[in-house]
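Topology and contacts: notes
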Amino acid sequence: MAIKRYKITVVGAGMTGANTALMLAQNELGNVVLLDIPQLENPTKGKALDMLEAGPVIRFDSQILGTANYDDAADSDIVIITAGVARKPGMSRDDLVNTNAGIIKSVCENIKRVAPESIVIILSNPVDAMTYVAYHALGFPKNRVIGQSGVLDTARYCTFIAQELNVSFEDVRGVVLGGHGDDMVPLVRYSSVGGIPIETLIPADRIKAIVERTRHGGGEIVELLGNGSAYYAPAASLVQMTEAILKDKKRILPVIAYLEGEYGYSNVFMGVPTLLGAGGIEKVFELDLTSEEKAALDKSAESVRNVTAVVNV
Ligand SMILES: NC(=O)C1=CN([C@@H]2O[C@H](COP(=O)(O)OP(=O)(O)OC[C@H]3O[C@@H](n4cnc5c(N)ncnc54)[C@H](O)[C@@H]3O)[C@@H](O)[C@H]2O)C=CC1
Ligand SMILES: O=C([O-])CC(=O)C(=O)O
């Protein structure tokens, strides 16, 4: 039996891409290719070499290669796309749609050529629409085109619940559905701490505040940073998704999936709970929603449709 290391390509060697590459290597999930535009070839090589040289100290054996050549990404098992521009204070994610759609298309044309069997995870914003663009540009089956939003949004939501109750995040469970925008839907009724529903532990007005803070979690970081958006928690989220796939863990994680009738939506990519394993998205779970929750999800889906309608695929 031939045992091989997985190959993971990260396209975009900026803040999210570089942190993702390092975390992938630290977790020894495979060998990592970090790829950016030709004008940034040397800085990309420099970042990769710098990370590699951390290996003997942190103790990881993964290879990390910096490049601007797609041939180096050939036959990747997973491709993570972080290429594109990030927003600045005062901007919405949707303001990035036209610039990033062009970048995603050109990246995906290359990925389709060099890594036709890969599973592709998209981070670039507005991510629901960019996942739709990638799906069309790649022509891959829907289970192999996945967007990252729900793992990050749920991590923020769970962080705020743990802080509120002064308990370990390890015991907090929650799920955030919908688009990666200000009307995403943290599902309070499906949130618990050590199995105890949060509605019995946290007063309603505080839960409302946590939901609102979660919805604006990305914007909160953008305002604080002043020149760019979050990268540590987004990178960690990408790594969790990659691990679920490469180790065939069958994790149940909210990710951006192509919907064909689930929750009553079709021809749209949006955040829903899924089963993530070696096949990528192996299943979409449809939760029972109250009419209020469904109305909130409809509003979020409408926002996703509006921004997706702007792009030509
Ligand atoms: N879905 C999510 O949860 C999150 C999405 N994001 C999004 O991820 C994207 C990246 O964010 P950052 O890494 O902070 O930005 P950044 O500006 O630090 O890095 C972006 C990198 O993409 C590269 N790039 C641009 N065009 C390219 C191309 N055609 N091919 C290869 N590389 C290319 C740039 O040269 C740059 O190095 C942004 O669109 C941001 O909004 C960021 C955090 C969370
Ligand atoms: O807010 C942004 O622009 C970046 C992002 O998607 C997030 O951190 O959730």
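Residues numbered from 1 in each chain as written. Chains lettered and ligands numbered in written order. Predicted model: local features only at pLDDT ≥ 70, side-chain atom pairs only at ≥ 80, totals over all residues.

A few points about the site of ligand 2
The local shell around ligand 2 holds 13 residues, among which Arg87, Arg93, Gly218, Ser229 and Ala230 are the closest. The element that contributes the greatest number of residues to the shell around ligand 2 is helix H8 (residues 217-225), accounting for four residues. Of the residues in the shell around ligand 2, the class split is six nonpolar, five polar and two charged. (Near = placed C-beta within 6 Å. Helix = DSSP H or I, 4+ residues; strand = E, 2+ residues; numbered from the N terminus. Nonpolar A, V, L, I, M, F, W, Y, C, P; charged D, E, K, R; others polar.)

Brief notes about the site of ligand 1
Close to ligand 1 lie 34 residues, the nearest being Gly12, Gly14, Thr16, Ala83 and Asn125. Contributions of two or more residues to the shell around ligand 1 are made by helix H1 (15-26) and helix H4 (97-114). The biggest single contributor to the shell around ligand 1 is H4, with four residues. Tallied by class, residues from the shell around ligand 1 come to 17 nonpolar, 15 polar and two charged.

Here we look at unusual backbone geometry
Omega for the peptide link from Asn125 to Pro126 comes to -5°, which places this bond in the cis form. Within the chain, Asp75 stands out as a residue other than glycine whose phi angle is a positive 60°. Within the secondary structure, Asp75 is located in the loop between strand S3 (64-67) and strand S4 (78-81). The class for Asp75 is exposed, based on 11 C-beta atoms found within 10 Å. We note that Asp248 has phi near 50°; this positive angle belongs to a residue other than glycine. Its place among the elements puts Asp248 in the loop between helix H9 (232-246) and strand S12 (251-260). (Buried ≥ 20, exposed ≤ 12 C-beta atoms within 10 Å, placed from the backbone.)

Topic: the domain arrangement of the chain
Accessible area lost upon the coming together of the parts serves often as the stated size of an interface. Per the domain assignment, the segments making up the chain are domain 1 (7-148) and domain 2 (150-310). Look at where the C-alpha atoms of domain 1 and domain 2 centre, and you get two points 22 Å apart. Taken together, the contacts link 37 residues of domain 1 with 38 residues of domain 2. Only H1, S4, strand S5 (119-122), helix H5 (127-138) and strand S6 (145-147) provide two or more residues apiece to the side of domain 1 that touches domain 2. (Domains from an automatic or database assignment. Contact = placed C-beta atoms within 7 Å.)

A closer look at the UniProt feature "binding site: NAD(+)" (unreviewed entry) in the chain
Mapped onto the present numbering, the UniProt feature "binding site: NAD(+)" (unreviewed entry) falls at Gly12, Ala13, Gly14, Met15, Thr16, Gly17, Asp36, Asn100, Leu123, Ser124 and Asn125. Looking at where Leu123 falls in the secondary structure, it is placed in the loop between S5 and H5. Leu123 gets classed as buried once you count the C-beta atoms within 10 Å, which come to 29. Residues within four places of Leu123 in sequence aside, it is in contact with Thr16, Ile80, Ile81, Thr82, Gln148, Pro234 and Leu238. If you trace the backbone, Asn125 turns up in the loop between S5 and H5. (UniProt positions renumbered as here; feature names shortened; annotations may be inferred.)

Describing the packing of H4 against H5
Two elements in contact, H4 and H5, have axes separated by 9 Å at closest approach and are oriented at 35°. In the crossing of H4 with H5, the sense of the turn from one axis to the other is right-handed. Contacts between H4 and H5 involve Val97, Asn100, Ala101, Ile104, Lys105, Cys108, Glu109, Ile111 and Lys112 from the first element and Ala129, Met130, Val133, Ala134, Ala137 and Leu138 from the second. (Axes fitted to C-alpha atoms, helices over the stretch in contact; angles between N-to-C directions. Left-handed = near helix turned anticlockwise from the far one by under 90°.)

Focus on the packing of helix H6 (residues 150-165) against helix H7 (residues 204-215)
The N-to-C vectors of H6 and H7 enclose an angle of 145°; their axes lie 9 Å apart at closest approach. The crossing of H6 and H7 is right-handed. Counted together, Asp153, Arg156, Tyr157, Phe160, Ile161 and Glu164 of H6 and Arg206, Ile210, Arg213 and Thr214 of H7 form the full contact between these two elements. In the contact of H6 with H7, the residues fall into four nonpolar, one polar and five charged.

With respect to the UniProt feature "binding site: substrate" (unreviewed entry) in the chain
As annotated by UniProt and renumbered to match this structure, "binding site: substrate" (unreviewed entry) occupies Arg87, Arg93, Asn125 and Arg156. Of the residues examined, Asn125 has 27 C-beta atoms within 10 Å and is grouped as buried. Apart from residues lying up to four places away in sequence, Asn125 is in contact with Arg93, Leu96, Asn100 and Met130.

Overview of the sheet that holds strand S10 (residues 192-193)
Read from one edge of the open sheet, three strands run S7-S10-S11, paired in antiparallel fashion. Each edge of the sheet is formed by a strand with only one pairing partner; in this case those strands are strand S7 (172-173) and strand S11 (196-197). Across two bridges, S7 lies against S10 in antiparallel orientation. Across the sheet, the residue bridging to Val172 is Val193, located in S10. (Pairing = 2+ DSSP bridges.)

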